[in-house]
Amino acid sequence: MGDEKESKYTTVSIPKPLYEKIKARIEGTGFTSVSDYVTYVLREVLASLEEEEKEEVFSKEEEEKVKERLRALGYLD
Amino acid sequence: MVSKPHGGRIVRRVLSKKTKERILGEVHEYPKISVDHSKAIEIENIAHGVYSPLTGFLTQDDYLSVLDHMRLTDDTPWTIPVILEISRPDFSEGDAILLYHKDQAIARMHVEDIYRYDKKEFVEKVFKTRDANHPGVVRVYSMGDYLIGGEIELLNELKNPFAKYTLRPLETRVLFKERGWKTIVAFQTRNVPHLGHEYVQKAALTFVDGLFINPVLGRKKSGDYRDEVIIKAYEALFRYYYPRDAAVLATVRYEMKYAGPREAVHHAIMRKNFGATHFIVGRDHAGVGNYYSPYEAWDIFEEFPDLGITPMFIKEAFYCKKCGGMVNAKICSHSEEFRERISGTRLRTMISEGIQPPEQMMRKEVFEAIRSFSNPFVE
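Here the structure is a predicted model, which means the values were calculated and not measured. (Residues numbered from 1 in each chain as written. Chains lettered and ligands numbered in written order. Predicted model: local features only at pLDDT ≥ 70, side-chain atom pairs only at ≥ 80, totals over all residues. Heavy atoms only, no water.)

(A) Examining the interface of chain B and chain A more closely. Across the boundary between the two partners, chain B contributes 30 residues, which contact 25 residues of chain A. For the pair chain B and chain A, the two sides together bury roughly 2,600 Å², of which 57% comes from carbon and sulfur. A per-residue breakdown of the area chain B buries against chain A is headed by Met1, Lys4 and Pro305 of chain B, which together make up 23% of the total. Our enumeration of links across chain B and chain A arrives at 6 salt bridges. Among the ionic pairs, Arg12 of chain B bridges to Glu62 of chain A, the shortest N-O distance being 2.2 Å. Seen at the junction of chain B and chain A, the total is 10 residue pairs in polar contact (both at pLDDT 80 or more). Listing elements by their share of the side of chain B that touches chain A, those giving two or more residues are helix 6 (169-179) and strand 10 (247-249) of chain B. For the side of chain B that touches chain A, the element with the most residues is helix 6 of chain B, which contributes 8 residues. (Contact = heavy atoms within 4.5 Å. Buried area = accessible area lost by both parts, 1.4 Å probe. Salt bridge = Lys/Arg side-chain N within 4 Å of Asp/Glu carboxyl O. Polar contact = N/O pair within 3.5 Å; in protein donor to acceptor, adjacent residues only side chain to side chain. Helix = DSSP H or I, 4+ residues; strand = E, 2+ residues; numbered from the N terminus.)

(B) Region of the structure containing unusual backbone geometry. All names here are of chain B. Ser52 connects to Pro53 through a cis peptide bond whose omega is 10°. Of note, Pro53 is situated in the loop between helix 2 (37-47) and strand 2 (56-57). Positive phi is not limited to glycine here, since Asp75 has a value of about 85°. Looking at the element boundaries, Asp75 is found in the loop between helix 3 (60-69) and strand 3 (84-86). Phi at Asp284 is positive, roughly 50°, even though this residue is not glycine.

(C) View of the packing of helix 6 of chain B against helix 9 (residues 260-274) of chain B. Residue and element names in this part refer to chain B. In contact at an axis separation of 7 Å, helix 6 and helix 9 are set at 60° when each is read in the N-to-C sense. The angle between helix 6 and helix 9 places the two elements in the oblique class. For the pair formed by helix 6 and helix 9, the contact residues are Pro169, Thr172, Arg173 and Phe176 on the first element and Lys272, Asn273 and Phe274 on the second. Partitioning the contact of helix 6 with helix 9 into residue classes produces 3 nonpolar, 2 polar and 2 charged. (Axes fitted to C-alpha atoms, helices over the stretch in contact; angles between N-to-C directions. Parallel < 35°, antiparallel > 145°, perpendicular 65-115°, else oblique. Nonpolar A, V, L, I, M, F, W, Y, C, P; charged D, E, K, R; others polar.)

(D) Layout of the pattern of salt bridges. Residues and elements named next belong to chain B. Tallied over the full model, the rule gives 36 salt bridges over all chains. For Arg253, the salt bridge identified is with Glu44, shortest N-O distance 3.2 Å. Within this pair, whereas Arg253 is found in strand 11 (residues 252-253), its partner Glu44 is found in helix 2, the two being separated by 209 residues in sequence. By relative accessible area, which is 9% here, Arg253 ends up buried. On the basis of relative accessible area, Glu44 is assigned to the buried category, the value being 2%. The partner of Lys125 in a salt bridge is Glu121, and the shortest N-O contact between them spans 2.8 Å. Taken together, the residues span about one helical turn, with Lys125 and Glu121 both in helix 4 (residues 119-127) at a distance of 4 residues. Using a relative accessible area of 32% as the deciding quantity, one classes Lys125 as partly exposed. The exposure class assigned to Glu121 is partly exposed, which follows from its relative accessible area of 25%. (Buried < 20%, exposed > 50% of the residue type's maximum accessible area, 1.4 Å probe, protein only.)

(E) The domain arrangement of chain B, seen in detail. All names here are of chain B. What the domain assignment lists for chain B is domain 1 (17-154) and domain 2 (163-371). Using only C-alpha atoms to locate each centre, domain 1 and domain 2 end up separated by 29 Å. In this assembly, 32 residues from domain 1 lie in contact with 28 residues from domain 2. Counting the surface lost from both domain 1 and domain 2, the interface buries some 2,600 Å², and carbon and sulfur atoms represent 56% of this. It is Val50, Met70 and Ile80 in domain 1 that bury the most area against domain 2; as a group they hold 21% of the surface buried on that side. Run the count over domain 1 and domain 2 and you get 6 salt bridges. A salt bridge links Lys128 to Glu296, with the nearest nitrogen and oxygen atoms 2.5 Å apart. Here domain 1 and domain 2 share 16 residue pairs in polar contact (both at pLDDT 80 or more) between them. Mapped by element, the contributors of at least two residues to the side of domain 1 that touches domain 2 are helix 2, helix 3, helix 4 and helix 5 (135-141). Per-element accounting of the side of domain 1 that touches domain 2 gives the leading share, 6 residues, to helix 2. For the side of domain 1 that touches domain 2, the class distribution of residues is 13 nonpolar, 11 polar and 8 charged. (Domains from an automatic or database assignment.)

(F) The sheet that holds strand 16 (residues 339-341) of chain B, seen in detail. Residue and element names in this part refer to chain B. Pairing within the open sheet is antiparallel, and its 3 strands lie in the order 15-14-16. What marks the edges here is a single partner per strand, and that holds for strand 15 (325-328) and strand 16. The sheet shows a mean angle of 45° between the axes of neighbouring strands, taken without regard to direction. As paired elements, strand 14 (residues 317-320) and strand 16 share 3 bridges and run antiparallel to each other. Counterpart to Tyr319 in the pairing with strand 16 is Glu340. In the packing of helix 7 (residues 195-205) onto the sheet, the strands contacted are strand 14 and strand 15, and the crossing angle to strand 15 comes to about 65°. (Pairing = 2+ DSSP bridges.)

In structure tokens, the structure reads:
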């Protein structure tokens, strides 16, 4: 069980001064470890980068078909 | 552009007419299992991308990851296990099976994983209680002992008495685009609207392009408003009090789990898939009884910086005699004696006795719409 849990995590190196800075910053916050904080920040950064890469999720053809149904239902004029 | 779908793409698992006909011609070749109405609805939600990025029911790795970390194994936030339970499998991993509701084939499933699970662990992590009086807990306790995971493909949809109002994520996304909305706030409800709801919705709408009212229709508790009553009440509100170009009413079929904070995040993810960029999280959202503290469903969002939809926390509204209008605790400085709070129980009593609630509680037109039903409540 312990091994299984460990396999879900990996180690990343960061400079020691940065580690100390983060450690000081998270004192008294809800973060219980530097790892937790770094995970949180990286998730936030990645999500905002992905958000910038938005592209349409339907084709022109699908869009026209959907519009027809929306008109029939009264959602579009 | 509206919100990016959760996990990056809108899942669509609806079979083409030709493939469907072929499979339905070979039904005798597949093992079959029966699913109840609520599971059939979940299958439709998976197939139409309401639960994107899920393409089927959770396999064991994802199931455990959702329980322990509130994320899928690929790190995508996911808080509610979407699972298919059975009593005893008479097929194997690798088999394709058909899922039936009553005598109708609903979907084909490719069984990737069959596994046992710990019900007590499930309820403790999802519902934060083992109390069998909790409606979600009692449901889990009655489930079969095995879970099966794997992708599904939709063959047939259930009859939908509210098809006219049911929009899928692809459809709402096209609709929002046509309306020119870039920011959309979604509001989830299972109630008829009172002035408090209207205040919260309009307060949120002030900051975005469009309001998406998305009532959940499905199995309800005795005493809840019937689905058709909720729709008619909202139609009345829309007709008389909402700007036509800034608000949309569409329903989704879904069975409440009453998992409080975890389910609040799940509701937000569903609305993200519909294209919403913001989601209103209510007081005691998806709660039941006293299992969750009133604002627990707000705190959980702090754990998801990568959710991709912005929660909007607006305190419950009340009428303040001094302010002379609907306000909330954050913006009203007056004491409790001047505040008239809207009680759902009191509203229900007034409605069942045919008494028009005061205008600071419910719009007259909404009340009349509700009253047009001889019994607006689920028996």
